Amino acid sequence: MTKHAALWNPMADDSHPAGWISADAISLSKLIRQGIQPKPLQVCAGGTSSRCAADGLWTLDLRARHRQLIINEEGDEVEIGAGLTMAEVLEGLQTQGRSIPVGLSTVPGCGFVLTGGIGPLSRSQGLAMDHIVGLRGVWGNGDIFDLSVPANPASAGTAFSAGSDNQDETQQQWKGLLGAAPFLAVVTAIRLRTQRLTPLVIWRSVGSVQQLAIAVEAAEQWKHSASLQWAWNERIELFIACSADDPAAMTAVQTLKTLLGHCAESSMTIVPGQHAQPPFGALATSTAAKGRFHSEVISRLGPAWGQRLPSLLADLNQLMSERPHPGCQISAQQLGGMSSQVPVSRTSFIHRDAIWKPWINAVWNANDQEGRERALDWLFHANTILTESCPGVHLAQIHPHLSCHKAELNDAFQNWLPGLNQLKSHHDPYGLLPPL
Ligand SMILES: Cc1cc2nc3c(=O)[nH]c(=O)nc-3n(C[C@H](O)[C@H](O)[C@H](O)COP(=O)(O)OP(=O)(O)OC[C@H]3O[C@@H](n4cnc5c(N)ncnc54)[C@H](O)[C@@H]3O)c2cc1C
């Protein structure tokens with residue numbers, strides 16, 4: 001057992017785990033074979049989700065031992081230890097003029113990459129996950145693995161794959177780890193393709209519901225690198241990012257600005273890369289939150305909203321007027337472009353047709369049990385409303401402790417869930433890791 005550093009997520013940080021484990025892959029394999037009780041084992045990489053530590057359970061803390069960052073000679077590949085944050089990865093790559101696409105914040109750890117990794121560059125560069133070329137770690141049964149991207153990953157999971165049994169097995173494992181690793185294995189190191197570090201243009205503003213509707217409608221027509229994200233709290237923040245070397249995207253942003261008319265606190269900045277992005281969501285609240293808050297987040301995935309947009313925005317407006325805590329927020333990120341180019345059969349992120357990822361953040365004051373109930377009721381209500389237009393789930397946060405877990409698994413993996421269960425029966429037969 002080791003003493004642990006504070007966790008970013010206050011709820012996980014306030015929990016009382018059975019203890020903390022810090023181990024390299026070999027020691028972890030031995031520990032698993034000796035038996036870890038009680039189960040499931042919690043895994044903490046960046047420590048930003050509510051379930052990286054929990055009362056009465058052991059937490060494997062990857063942050064202390066898994067911290068390597070090794071860039072190859074050409075600079076086009078990097079191996080990272082699973083205990084690094086995205087900020088640390090970007091900082092290491094910056095020295096070589098390289099980068100990987102990260103999210104709206106660089107705070108998350110490798111859980112971000114393994115569960116998808118959606119960000120302002122997803123439309124131009126794909127998901128963070130789409131850059132993975134190698135994975136090392138330990139299966140839930142204690143077996144150590146070292147996998148590289150299969151030669152023909154496109155056929156993973158199809159009934160017609162023609163490779164040998166070994167190839168088929170590797171393809172299935174690969175597909176399982178990319179998007180469903182938390183249920184199958186502990187990943188200790190990730191090898192990723194890198195991208196050339198390029199400046200980004202970011203336009204931020206505060207707008208009305210009508211202006212949000214105009215922005216969403218325009219964004220659904222975009223065919224270039226620009227992407228829209230928005231955060232709805234006390235106010236609505238619009239946040240558009242595009243590559244500075246993409247004239248079509250720059251023109252589209254200018255056209256949208258004109259369409260929107262006056263927007264309060266509007267500003268355009270050019271930043272050298274994602275490491276220098278302005279903080280998303282900061283414009284959506286006028287007052288800095290005081291106190292210690294706990295929260296749960298559900299993320300959904302769905303196609304372009306088109307005709308459904310007016311009724312969806314009316315529902316969201318109603319929801320926001322009923323939110324039980326000032327911290328409760330609904331936000332969204334735009335997908336499409338490169339993120340839709342990867343075959344569904346290749347990874348466990350099956351919602352490749354998704355254009356929007358809205359997420360609901362339900363917040364309450366720490367130790368306020370009634371506040372928690374109210375916030376969770378609101379979360380589930382918002383989730384039901386969003387399910388209609390966004391039937392998929394992005395399992396960036398797992399909730400085995402909440403009543404929505406089973407429905408989330410179904411909506412995240414759909415007809416790939418039986419395949420995942422088969423993988424789990426081989427690689428985590430005793431349920432060391434969270435249930436599927
Ligand atoms: C401020 C902030 C901004 C965010 N922005 C975005 C965004 O723009 N886009 C987006 O897609 N998501 C975003 N997220 C969501 C975040 O990426 C996910 O919740 C992600 O799973 C967090 O990973 P972590 O390593 O930081 O957290 P952790 O809580 O340590 O891990 C999250 C889960 O993944 C599992 N896990 C983590 N590492 C491993 C591993 N190595 N092997 C096996 N299982 C593992 C854990 O069991 C845990 O359940 C954001 C979250 C925060 C807090």
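Every residue gets a number counted from 1 within its own chain, in the order that chain's sequence is written. Totals for whole chains, interfaces and linings use all residues, but because this is a predicted model, local features are given only for residues with pLDDT of at least 70 and pairs of side-chain atoms are given and counted only at 80 or more. Values reported for side chains reflect all heavy atoms of the structure, with hydrogen atoms and water molecules removed beforehand.

K.L.:
An account of the pattern of salt bridges is needed here, citing residue identities and associated values.
P.N.:
When a carboxyl oxygen of Asp or Glu is within 4 Å of a side-chain nitrogen of Lys or Arg, the pair counts as a salt bridge. Following the criterion strictly, the structure yields 11 salt bridges and no others. Where Glu 88 meets Arg 67, a salt bridge forms, and the shortest distance between an N and an O atom there is 2.6 Å. In this pair, Glu 88 is assigned in helix α3 (residues 86–94) and Arg 67 in the loop between β3 (58–61) and β4 (69–71), connecting sequence segments 21 residues apart. A 1.4 Å probe rolled over the protein chains alone gives each residue an accessible area, and that area as a share of the maximum for its type sets the label: buried under 20%, exposed over 50%, partly exposed in between. Taking the relative accessible area as the measure of exposure, Glu 88 reaches 29% and is therefore partly exposed. Among the residues examined, Arg 67 registers a relative accessible area of 36% and is labelled partly exposed. Residues Asp 411 and Arg 300 are paired through a salt bridge, measuring 2.9 Å at the closest nitrogen-oxygen approach. Secondary structure elements are taken from DSSP: a helix is a run of H or I of four residues or more, a strand is a run of E of two residues or more, and numbering for both begins at the N terminus.

K.L.:
For the pairing of strand β16 (residues 329–334), give the residues involved together with the corresponding values.
P.N.:
Where burial is concerned, most of β16 is hidden: six out of the six residues are buried. Here β16 shows no split at all, with Gln 329, Ser 331 and Gln 333 on one side and Ile 330, Ala 332 and Gln 334 on the other all buried. Paired strands, in this sense, are two strands between which DSSP finds at least two bridges. Looking at chain direction, strand β12 (residues 227–232) and β16 are connected through four bridges and run antiparallel. Across the sheet, Trp 232 pairs through a bridge with Ile 330, a residue of β16. Sheet topology note: the β16/strand β17 (residues 356–365) ladder contains six bridges and is antiparallel. In the strand pairing of β17, Gln 333 is matched with Lys 357.

K.L.:
Give me the lowdown on the site of the ligand, citing residues and values where you can.
P.N.:
Nearness is defined per residue: one heavy atom within 4 Å of the molecule or strand is enough. Taken together, 32 residues form the shell around the ligand, and within it Ala 45, Thr 48, Ser 49, Ile 118 and Ala 396 come nearest. The definition of a polar contact used here is a pair of N or O atoms within 3.5 Å, where within protein one atom must be able to donate a hydrogen and the other to accept one, and adjacent residues in sequence count solely through side-chain atom pairs. Within the contact set of the ligand, an oxygen atom lies 3.5 Å away from a backbone nitrogen or oxygen of Val 43. Side-chain polar atom of Gln 333 to an oxygen atom of the ligand: 3.1 Å apart, as the coordinates give it. In isolation the ligand exposes 960 Å². Once the protein is present, 92% of that is buried. Each residue belonging to the shell around the ligand can be placed in one class, and the counts come to 19 nonpolar, 12 polar and one charged. Surface accessibility in these figures is a Shrake-Rupley result with a 1.4 Å probe; residues are shielded only by whichever protein chains are displayed. Side-chain classes are defined by residue name, with Ala, Val, Leu, Ile, Met, Phe, Trp, Tyr, Cys and Pro counting as nonpolar, Asp, Glu, Lys and Arg as charged, and the others, Gly among them, as polar.

K.L.:
Describe the nonpolar core, with residues and values.
P.N.:
For the purposes of this section, nonpolar cores are sets of buried Ala, Val, Leu, Ile, Met, Phe, Trp, Tyr and Cys residues that join through side-chain atoms within 4.5 Å. Grouped together as the largest cluster of nonpolar side chains are 64 residues, with contacts concentrated most on Ile 132, Leu 135, Ile 190 and Phe 413. Only heavy atoms matter for contacts: two residues are in contact if any of them lie within 4.5 Å across the pair. Excluding its chain neighbours within four sequence positions, the residues that come into contact with Ile 132 are Val 113, Val 149, Trp 174, Leu 178, Ile 190, Arg 191 and Leu 192. Grouped together as the second largest cluster of nonpolar side chains are 50 residues, Leu 238, Cys 242, Ile 298 and Ile 330 included.

K.L.:
I'd love a proper account of the sheet that holds β12, names of residues and values included.
P.N.:
Backbone hydrogen bonds hold the strands of a sheet together, and the pairing may be parallel or antiparallel. The strand order across the open sheet built from eight strands is β14-β11-β13-β12-β16-β17-β15-β18, with neighbouring strands paired in antiparallel fashion. Each edge of the open sheet carries a strand with a single partner, namely β14 (264–271) and β18 (392–393). Here the axes come from fitting lines to C-alpha atoms, over the contacting stretch only for helices, and the angles between their N-to-C directions go from 0 to 180 degrees. Relative to β12, helix α7 (residues 209–219) is tilted by about 155 degrees, and along the sheet it contacts β11 (200–207), β12, β13 (236–243), β16 and β17. Against the sheet, helix α8 (residues 247–260) touches β11, β13 and β14, its axis set at about 155 degrees to β13.

K.L.:
So what's going on with helix α11 (residues 405–413)? Which residues, and what values?
P.N.:
Of all the residues in α11, the buried ones are His 405, Glu 408, Leu 409, Ala 412 and Phe 413. Each buried residue of α11 sits inside an arc of 105 degrees when the element is viewed along its axis, so together they form one side. For α11, the elements touching its buried residues are α6 (165–180), β15 (293–301), β18 and α12 (417–427). Just downstream of α11 lies Gln 414, where phi reads positive at about 45 degrees. Each direction from the helix axis to a C-beta atom contributes to the arc, which is the arc of those directions.

K.L.:
Please set out the confidence of the model for the protein residue by residue, giving values where relevant.
P.N.:
A residue-level look at the protein finds 97% of positions with pLDDT of 70 or above and a mean pLDDT of 95. The pLDDT value tells you how sure the predictor is about a given residue, anywhere from 0 up to 100. In the predicted structure, residues 155–162 sits below a pLDDT of 50 and forms 11 contacts with residues beyond four places in sequence or in another chain.

K.L.:
Go over unusual backbone geometry with me, naming the residues and quoting the values.
P.N.:
A cis amide bond links Gln 37 with the next residue in sequence, Pro 38, at an omega value of -5 degrees. With respect to the element layout, Pro 38 can be found in the loop between α2 (25–34) and β2 (42–44). The omega angle of the peptide bond from Lys 39 to Pro 40 is 0 degrees, so this bond is cis rather than trans. You can see Pro 40 is positioned in the loop between α2 and β2. Even without being glycine, Glu 265 reaches a positive phi, approximately 50 degrees.

K.L.:
Give me the lowdown on the domain arrangement of the protein, citing residues and values where you can.
P.N.:
Domain limits in this description derive from either an automatic procedure or a database domain assignment. Here the protein is partitioned into domain 1 (10–61), domain 2 (69–196) and domain 3 (200–415). Each of domain 2 and domain 3 has a C-alpha centre, and the two are 24 Å apart. Here the quantity called buried area is the accessible surface, traced with a 1.4 Å probe, that two parts lose on coming together, added over both. Carbon and sulfur atoms make up 59% of the area that domain 2 and domain 3 hide from each other, which totals about 2,900 Å². Of all residues in domain 2, Leu 104, Ile 118 and Arg 123 bury the most surface against domain 3, accounting for 32% of the area lost on that side. The shortest N-O distance in the salt bridge between Arg 352 and Asp 130 comes to 2.8 Å. Inspection of the region where domain 2 meets domain 3 yields 17 residue pairs in polar contact (both at pLDDT 80 or more).

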